[in-house]
Amino acid sequence: MENEELNYYGNEISQNLKIAKITKDKIFFENFVDYSYSGAAHPSFYTSGFSLDTKTMELKTYLLSDVVEDSSKFRNFINKILKEYLTKNKEEWADWDERDYFGKDEFEFNILKQEVVFKERGLYINLRYLLSEAGRSMDFFEVPYENLKDFAKGDLKRILEK
């Protein structure tokens, strides 16, 4: 039997980096990565994003709390649309109606601490840590920019003021 070297880092990887938004002093990038494991049941993927400040040349990543004001109005809004999104594709085992998405249940998932990506028409909120690997097709949760106008702060507010 031959001794074959195992590739623990994946057999294939592809990456797609594109410009999602441009403002006066920032370029917002969306990065999609798709990769497969050696011997695993299925591949995996993720979307991430960052901005480049064209004056300072600094890169920045964002959490939801960086771009929205936390308020009871925002929490009601995000709970409503998130529950609608998740129950639309409900798995038998899922209890999306009963979850607290702000870290106050046994799962301690806090949507405000999740990475966001500025996309062309909306803000992508990463649900990767809320969903199991099998439910990952649902982690592409995008909220249209116009729906976030009342809650926006920081760079999101600057984008919406254009």
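How each quantity is defined
- As a convention, each chain's residues are numbered from 1 in the sequence order in which they are written.
- Reporting in this predicted model follows two pLDDT cut-offs: at least 70 for local features of residues, and 80 or more for side-chain atom pairs to be given and counted; totals over whole chains, interfaces and linings ignore these cut-offs and use all residues.
- Hydrogens are left out, water is left out, and the side-chain values use all remaining heavy atoms of the structure.
- Helix numbering and strand numbering both begin at the N terminus, where a helix is a DSSP run of H or I of at least 4 residues and a strand a DSSP run of E of at least 2.
- Relative accessibility thresholds used throughout: buried, under 20% of the residue-type maximum; exposed, over 50%; partly exposed, between the two (1.4 Å probe, protein chains only).
- Counting of polar contacts relies on pairs of N or O atoms within 3.5 Å, with two restrictions inside protein: one atom must be capable of donating a hydrogen and the other of accepting it, and residues adjacent in sequence are counted only when both atoms are side-chain atoms.
- When DSSP finds two or more bridges between a pair of strands, those strands are recorded as paired.
- Centres within 6.5 Å make a pair out of two Phe, Tyr or Trp rings, where for Trp the six-membered ring is used; the pair is then stacked when the planes are under 30 degrees apart, edge-to-face when over 60, and tilted otherwise.

## Let's talk about the side chain of Lys-26
Tracing the sequence through the fold places Lys-26 in strand 2 (residues 26-35). For Lys-26, a relative accessible area of 11% corresponds to the buried category. Among the polar contacts listed, one links the side chain of Lys-26 to the side chain of Asp-155, at a separation of 2.8 Å.

## Examining the pairing of strand 8 (residues 140-144)
Going residue by residue along strand 8, you find Phe-141 and Val-143 tucked away on one face and Phe-140, Glu-142 and Pro-144 left uncovered on the opposite face. Pairing of strand 7 (residues 122-126) with strand 8 involves five bridges; the strand directions are antiparallel. Of the residues in strand 8, the one forming a bridge with Tyr-124 is Glu-142.

## Details of the packing of aromatic side chains
Tallied over the full model, the rule gives eight aromatic pairs. Aromatic pair Phe-28 and Phe-118: ring centres 4.5 Å apart, planes at 50 degrees, arrangement tilted. Within this pair, whereas Phe-28 is found in strand 2, its partner Phe-118 is found in strand 6 (residues 115-118), the two being separated by 90 residues in sequence. Classification of Phe-118 by relative accessible area gives buried; the value is 3%.

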